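# Tertiary structure, described
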Amino acid sequence: MTRFGIHSATQVEEAAGDAQGAALARTHRIRQRVLGFGITLVAVTYAVRLGELQIIEGDAHREKQLAQSAEWELLPAPRGRILDRRGRVLAAPDTRYQAFLAVDELTLERAEAIEAVAAVVPVPAERRQAIAEAVGGWSLVASDVSDEERVRMQRTIGHGVHFESRPARDYPRSMGRRLIGAVGADGRGGTGLEADLDDWLAGIPGRAEVRVDGHRNAYRPPGGEVIEAVAGHDVVLTVDAELQRIAENELARALTKTGASGGDMVLLDPRTGEILAVASERSDGAPDQVSALTDPYEPGSTMKPFLLASLLSEGVVDLDEIVDVEGGTLYSGSRVITDVHGYDTLRVRQIISKSSNVGAAKLAERLTPAVQHRYLRDFGFGMRTQLGHLAESPGRLSRPESWTSLSPASHAIGYEMSATSLQLASAYGAIANGGVLMRPSLVREVRDPSGHVVQRFAPQPVRRVIPEQVAAEVRGVLEEVVRDGTGTLAGMAQFAVAGKTGTARLAVNGRYAQGRYRASFVGFAPADDPRIVILTRLEDPTGGVYYGGAIAAPTSQAALEAALATDGVQLDPRLVVSDARPRPWSGRPARGTQAGPVILAASGGTEMWTAAGGTAEPVIAVPDLAGLSARAAAAQLHALGLRVEWRGQGVVAAQSPVAGRELARGEIVVLK
């Protein structure tokens, strides 16, 4: 600055720069305050909003979040078991798996991994192709994999194989599958008793709370709600697993030997109505159909005992009364009734034991249609048995008002009506137990998951059909049928078997087909105090022999003997055979009882079929039976098709031929 107070140019410029800097600094400060205020305002706004979300609206948003991410995982209920009368498992819960190959994770070559799976379970060609072409992810390689198979795959393949589990059903015994049925893909009963008993077996599913993230991955949150599943109840059947196995095996053998298109075998306890076994096979039927319950048929001569019971109850016949049977031919209106064997006269009891159609037709004239119909209804024909489980047919029994003049004779010999195998077996049970029709049953009791019985089913009498004395008289006549009549091939030497054979013509498209028949036998044992009823029906045999006494009766005998030779079967002690002898079939009825050593017939009943043109029997190596009980040894030999001669007591100490010796099927092994 000069002395005149004037700045130099430099000073002026410096002063201007200071003023500009101060203004700029002031501007920055203002901007910073504004920005700070703005940020603070935004932060406060967010804080306020956050407070609103967390405090004021928190519950609503939490509920919305839960609604979007919370789900429930279904916890399947373990399905209850199906047990036989002795507690043996027929159906039980199981776990099965689907196997997947993660092609990007495999340490083996794809082809090698596929072959490793194929060594355990079959792998269809289309799955092989799909895995070979896969570019990533999981490829399904096998379904319905058992736990044992899963472990084998895991050990062989290692990395790259994954499994998803699902509830399944295990049937540890192969018998009774038609009866037991199966579960559906949804785990509920699909067919058979599995479906019919589903309300007891299914249980109550549980559920578990899960959360689902943005990638749809589910997880259980800590403290999440879990409602445990309640296991289903166990159901105990009246069926005996060993008797069921025997019935199915003997029926299968009979169908093979006779060429029959199907058939049934039913075993029940006449005292209680409990079904001990029911086997059904039909070449043209559904795989889950039990024809013994669903397929009614004309029973033929197996109906004659009910005619006799009706006549005796009405007091219009005497067992020793002699009846003119017209030499085996009776002209009734436009129809001719004939007998297989022509007799001039027969006693009433012989009309049943010799199975005279003519005699039965003439005796039926002593009953009015209304009375004859009433007795048939009382024995359970024309109505369902009220088994309470599975589908049943009521059969056919028309009202007497619609009968023609030929109907009484037709009903007397088992035509112009139809019945199921179960109906027929139950009706014979009424004769066997003293005249009371029992309601058949398949379920004994229901147990909760802890094993406590929650429901027990007691035997249920339906009605008294005939007096006890009449039932005893009919049993005596049926014993004669097996001893001296058409059913001798069902006889056994140690105890009396009572029963009746039947041979009925088959109707095809409403007309009886030439040369086509149905063979049947229904009986019970022991005759004086029956403990078991057995029915065998063979439909349309093609082996040239079709009489019930020739093929159905010996099949029943074989089933009884197999049951008696099997350990663990709960039958009355008096049914244990100590000297039963086989009755080989030669194409005609056998008479009397064979003399000679004690023989137990093989359960296969080999000899009864050789006359029908059977093939040569294979060579069988005799097993070592030392130390086994008589029953166990006999059962083992019977399974091989050999017969047994028992000459000792207790366990087997010696055998002839010795172990390892080769015999033909049907030859005898002596046990001492």
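Residues numbered from 1 in each chain as written. Predicted model: local features only at pLDDT ≥ 70, side-chain atom pairs only at ≥ 80, totals over all residues. Heavy atoms only, no water.

### Here's the deal with the overall build of the protein
What the protein contains, in helices and strands, is 20 helices and 27 strands. With 672 residues in all, the protein has 47% of them scored as buried. Taking as baseline every contact in the protein between residues at least 6 positions apart, the subset at least 24 positions apart corresponds to 70%. Of the accessible surface of the protein, which amounts to about 31800 Å², a share of 51% is contributed by carbon and sulfur atoms. (Helix = DSSP H or I, 4+ residues; strand = E, 2+ residues; numbered from the N terminus. Buried < 20%, exposed > 50% of the residue type's maximum accessible area, 1.4 Å probe, protein only. Contact = heavy atoms within 4.5 Å. Areas by Shrake-Rupley, 256 points an atom, 1.4 Å probe, with all protein chains shown as cover.)

### Focus on the side chain of Glu539
Tracing the backbone through its elements, the reader meets Glu539 in strand β22 (residues 532-539). We classify Glu539 as buried; its relative accessible area is 11%.

### Looking at the environment of Ala130
Along the chain, Ala130 turns up in helix α4 (residues 125-133). Residue classification places Ala130 among the partly exposed positions, given a relative accessible area of 43%. Measuring from C-alpha to C-alpha, the distance between Ala130 and Val141 comes to 9.0 Å, with eleven residues separating the pair along the chain.

### A closer look at the nonpolar core
One finds Leu237, Phe306, Phe379, Phe381, Leu424 and Leu478 to be the most contacted residues of the largest nonpolar core, which totals 84 residues. In terms of residue count, the dominant contributor to this core is helix α16 (residues 421-432) (eight residues). Residues in contact with Leu237, not counting those within four places in the same chain, are Ile82, Leu83, Asp84, Arg85, Leu90, Leu193, Leu197, Leu442, Val443 and Arg444. By size, the runner-up hydrophobic cluster in this structure holds 28 residues, among which are Leu243, Ala519, Leu538 and Ala559. (Core = buried A, V, L, I, M, F, W, Y, C linked by side-chain atoms within 4.5 Å.)

### Brief notes about helix α17 (residues 468-484)
Between its terminal C-alpha atoms α17 stretches 24 Å, which fits the 24 Å expected from 17 residues at 1.5 Å a residue. Those residues of α17 that are buried are in contact with α11 (304-314), α12 (348-353), α16, β20 (498-508) and β21 (511-525). (Expected span 1.5 Å × (residues − 1).)

### Some details on the confidence of the model for the protein
Confidence in the prediction of the protein, expressed as mean pLDDT, is 81, and 82% of residues score 70 or more. Summarising per-element confidence for the protein, the mean pLDDT is lowest in helix α19 (residues 607-610) (30) and highest in α16 (97). Ignoring residues within four places in sequence, the model shows residues 576-617, a span with pLDDT below 50, making 101 contacts including any to other chains. (pLDDT = per-residue confidence, 0-100.)

### Here we look at the packing of α11 against α17
Relative to each other, α11 and α17 sit at 140°, their axes nearing to 10 Å. For the element pair α11 / α17, the angle class is oblique. The way α11 lies across α17 gives a crossing that is right-handed. Counting all contacts with α11, which are made through Pro305, Leu308, Ala309, Leu312 and Ser313, the residues of α17 involved are Val470, Glu473, Val474, Val477 and Leu478. Considering only residue class, the contact of α11 with α17 consists of eight nonpolar, one polar and one charged. (Axes fitted to C-alpha atoms, helices over the stretch in contact; angles between N-to-C directions. Parallel < 35°, antiparallel > 145°, perpendicular 65-115°, else oblique. Left-handed = near helix turned anticlockwise from the far one by under 90°. Nonpolar A, V, L, I, M, F, W, Y, C, P; charged D, E, K, R; others polar.)

### Structural notes on the side chain of Arg475
Within the fold, Arg475 resides in helix α17. Look at Arg475: it is buried, it has no salt bridge, and the nearest opposite charge is Glu468 at 6.1 Å. Discounting residues that sit within four places of it in the chain, Arg475 has contacts with Ile431, Ala432, Gly434, Ala498, Phe524, Ala527 and Pro530. (Lys, Arg positive; Asp, Glu negative; His and termini not counted. Salt bridge = Lys/Arg side-chain N within 4 Å of Asp/Glu carboxyl O.)

### Points about unusual backbone geometry
Between Ala525 and the following residue, Pro526, the backbone shows a cis peptide bond with an omega angle of -15°. With respect to the secondary-structure elements, Pro526 resides in the loop between β21 and β22. Geometrically, the link from Ser656 to Pro657 is a cis peptide bond, its omega value of 0° lying close to zero. Looking at where Pro657 falls in the secondary structure, it is placed in the loop between β25 (655-656) and β26 (662-664). Not every positive phi belongs to a glycine, and Glu326 is a case in point at roughly 60°. As for its placement among the helices and strands, Glu326 is situated in the loop between β12 (322-324) and β13 (329-332). Its relative accessible area of 36% is what places Glu326 among the partly exposed residues. Positive phi outside glycine occurs at Glu416, with the angle close to 60°. If you trace the backbone, Glu416 turns up in the loop between α15 (407-412) and α16.

### Points about the pairing of strand β10 (residues 262-268)
Counting buried positions along β10 gives seven out of seven residues, so the element sits mostly inside the fold. Burial of the side chains of β10 extends over both faces: Gly262, Asp264, Val266 and Leu268 are buried on one face and Gly263, Met265 and Leu267 on the other. With seven bridges joining them, β10 and strand β11 (residues 275-282) adopt antiparallel strand pairing. Note on β11: the bridge partner recorded for Leu268 is Ile275. Between β10 and β11, which pair antiparallel in sequence order, lie six residues; one of them, Gly273, sits at a positive phi of approximately 80°. In the sheet, β10 pairs with β22 via seven bridges, with the strands oriented antiparallel. (Pairing = 2+ DSSP bridges.)

### Quick word on the packing of aromatic side chains
Inspection of the entire model under this criterion finds seven aromatic pairs. Measuring from centroid to centroid gives 5.3 Å for Phe306 and Phe381, while their planes differ by 70°, and the two rings are edge-to-face. With Phe306 in helix α11 and Phe381 in the loop between α14 (369-378) and α15, this pair connects stretches of sequence that are 75 residues apart. When the ring of Tyr415 is compared with that of Tyr512, the centres are 5.7 Å apart and the planes differ by 90°; the resulting orientation is edge-to-face. Residue Tyr415 is located in the loop between α15 and α16, and its partner Tyr512 is located in strand β21; the two are separated by 97 residues in the primary sequence. With relative accessibility at 18%, the residue Tyr415 sits in the buried group. Exposure remark for Tyr512: the relative accessible area of 38% places this residue in the partly exposed category. An aromatic cluster is present here, built from Phe306, Phe379, Phe381 and Tyr428 joined pairwise through their rings. Arg150 extends its terminal NZ or CZ atom over the ring of Tyr97, reaching a point 5.0 Å from the ring centre. Taking the ring centre of Tyr171 as reference, the NZ or CZ of Arg177 above it sits at 3.8 Å. (Phe/Tyr/Trp six-rings, centres within 6.5 Å; stacked < 30°, edge-to-face > 60°. Lys NZ or Arg CZ within 6 Å of the ring centre and 35° of its normal.)

### Some details on the sheet that holds β21
Paired through backbone hydrogen bonds, the strands of a sheet run either parallel or antiparallel to each other. Read from one edge to the other, the open sheet built from five strands follows the order β11-β10-β22-β21-β20, with strand pairing classed as antiparallel. In this open sheet, the two strands that pair with only one neighbour each are β11 and β20. Averaged over all pairs of adjacent strands, the angle between strand axes in this sheet comes to 10°, irrespective of strand direction. Across the sheet, helix α9 (residues 241-258) is in contact with β10, β11 and β22; its angle to β11 comes to roughly 30°.

### Section: the pattern of salt bridges
Two side chains that carry opposite charge are able to pair once their charged atoms sit near each other. All chains considered together, the criterion is met by 32 salt bridges. The salt bridge involving Arg88 is made with Asp84; its shortest N-O contact spans 2.9 Å. No difference in accessibility class separates Arg88 from Asp84, as the two residues are buried. As a salt-bridge pair, Arg537 and Asp264 come within 2.7 Å of each other at their nearest N and O atoms. Residue Arg537 is found in strand β22, and its partner Asp264 is found in strand β10; the two are separated by 273 residues along the sequence. Classification of Arg537 as buried rests on a relative accessible area of 1%.

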